[in-house]
Amino acid sequence: MTQDELKAAVAQAAIEYVLAEVPQGALIGVGTGSTANYFIDALAAHKDRYRGAVASSEATRQRLEQHGIAVFDLNEVSELPVYVDGADEIDAGLHMIKGGGGALTREKIVAAVARTFVCIADASKQVEVMGRFPLPVEVIPMAREYVARELSQLGGKPVLRAGFITDNGNQILDVHGLQITAPKALEERINQIVGVVTNGLFALRPADVLLLGTPQGVQRFPG
């Protein structure tokens, strides 16, 4: 199976999860990225079953609206039963690196509100130790160089994501060369650096369910 076929398969598995676990009339949190796009496209066939969605980025909002799915502001929502999103890397503890598409802050906010976080990913995203994928860190622009120096002291090599501005008007430093053996501690440490909005480690709030696309079919963790 191609990577796109694997993404489509896990998106369909996520739809089946939502149909089984999420009551009619609920709102669904929806992530950002290529795998999440497959989920949005599949969700369109069931849009009359649910009240709408909360989007983790402007790109996701636009895609949902193109399908006629109502999009709600998170400030109007007290709780989401489920949040469905992809990952750039995920380990055995269901800790993730996210933010390759630049939506890490809004993704983390929506995930915090959701009762269940369902990660959908193809098998190439599963790793023993995270860090091969550069860790995104969203920063206030005036603090960029200070934050970069602090990240360098943690052993990483921060590189400005050139020509990119987040939906929040900030910049991203992609930190290369990390071996993330203690993801919760590193997430906390980076978030304590003044000028950091947040970083792309989802360890303090990991996924609850992983739907992993493999050539042998979609596997669910925990099983």
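Chains are numbered independently. Their residues run from 1 in the order of the written sequence. For this predicted model, a pLDDT threshold of at least 70 governs which residues receive local features, and a threshold of 80 or more governs which side-chain atom pairs are given and counted, while totals over whole chains, interfaces and linings are taken from all residues. Remark: hydrogens and water are excluded; side-chain values derive from all non-hydrogen atoms of the structure.

1. Considering the nonpolar core
- For the purposes of this section, nonpolar cores are sets of buried Ala, Val, Leu, Ile, Met, Phe, Trp, Tyr and Cys residues that join through side-chain atoms within 4.5 Å. Three labels apply to residues, based on accessible area from a 1.4 Å probe with only protein chains included: buried if under 20% of the type maximum, exposed if over 50%, partly exposed otherwise in between. Ranked by internal contacts, the top residues of the largest apolar core, which has 26 residues, are V18, I28, F39, V82, V84, V118 and I120.
- Numbering goes from the N terminus for both helices and strands, where a helix is a DSSP run of H or I of at least four residues and a strand is a run of E of at least two. Breaking this core down by element, the ones donating at least two residues are α1 (3-21), β1 (27-30), α2 (34-43), β2 (52-55), β3 (80-85), β6 (114-122) and β12 (209-214).
- In terms of residues, this core owes the most to one element, α1, which gives seven residues.

2. What to know about the packing of aromatic side chains
- The rule is short: rings of Phe, Tyr and Trp, with Trp giving its six-membered ring, pair when the centres are within 6.5 Å, and they are stacked under 30 degrees, edge-to-face over 60, tilted in between. Inspection of every chain in the model, using the stated rule, returns two aromatic pairs.
- Taking 6.4 Å as the distance between ring centres and 75 degrees as the angle between the ring planes, the aromatic pair formed by F117 and F202 counts as edge-to-face. Taken together, the residues span a long stretch of sequence, with F117 in strand β6 and F202 in strand β11 (residues 201-202) at a distance of 85 residues.
- Owing to a relative accessible area of 2%, F202 belongs among the buried residues under this scheme.

3. Section: the packing of α2 against helix α3 (residues 58-66)
- Here an axis means a line fitted to C-alpha atoms, over the contact stretch when the element is a helix, while the angle between two N-to-C directions is reported on a 0 to 180 degree scale. Between α2 and α3, the shortest axis-to-axis distance is 9 Å and the interhelical angle comes to 20 degrees. It follows that α2 is roughly parallel to α3 by the angle criterion. Taken as a pair, α2 and α3 cross one another with a handedness that is right-handed. On α3, the residues that touch N37, I40 and D41 of α2 are T60, R63 and L64. Here the word oblique covers every angle except those under 35 degrees (roughly parallel), over 145 (roughly antiparallel) and from 65 to 115 (roughly perpendicular). We call a crossing left-handed when the near helix sits turned anticlockwise from the far one by less than a right angle, and right-handed when that turn is clockwise. Here, residues are in contact when the closest pair of their heavy atoms is within 4.5 Å.

4. Brief notes about the sheet that holds β1
- At least two bridges found by DSSP between two strands are what make those strands a pair. An order of β2-β1-β3-β6-β12-β13 is seen for the six strands of this open sheet, with the pairing classed as mixed. A strand with exactly one partner marks an edge of an open sheet, and here the two such strands are β2 and β13 (217-221). Neighbour to neighbour, the strand axes of the sheet diverge by 25 degrees on average, direction disregarded.
- Examined bridge by bridge, β6 and β12 share five bridges and lie parallel to one another. Across the sheet, the residue bridging to V118 is V209, located in β12.
- In this fold α3 packs onto β1 and β2, with an angle of close to 160 degrees to the strand it touches most, β2.

5. Some points on the sheet that holds strand β10 (residues 196-199)
- Reading across the sheet, the four strands line up as β8-β9-β7-β10 and stay open at both edges, with antiparallel pairing between neighbours. Taken across any chain shown, the strands that pair with only one partner, and hence form the sheet edges, are β8 (157-160) and β10. Between one strand axis and the next, the sheet turns through 30 degrees on average, direction left out of account.
- Relative to β10, strand β7 (residues 135-139) runs antiparallel, the two sharing three bridges. Residue V139 lies in a different strand from β10, and its bridge partner there is V196.
- Of the strands in this sheet, β7, β8, β9 (171-176) and β10 touch helix α5 (residues 144-153), which is tilted by about 15 degrees from β9.
- Strand contacts of helix α6 (residues 183-191): β7 and β10, with the helix running at about 165 degrees to β10, the strand carrying the most contacts.

Taken by themselves, the reported measurements are silent on function.
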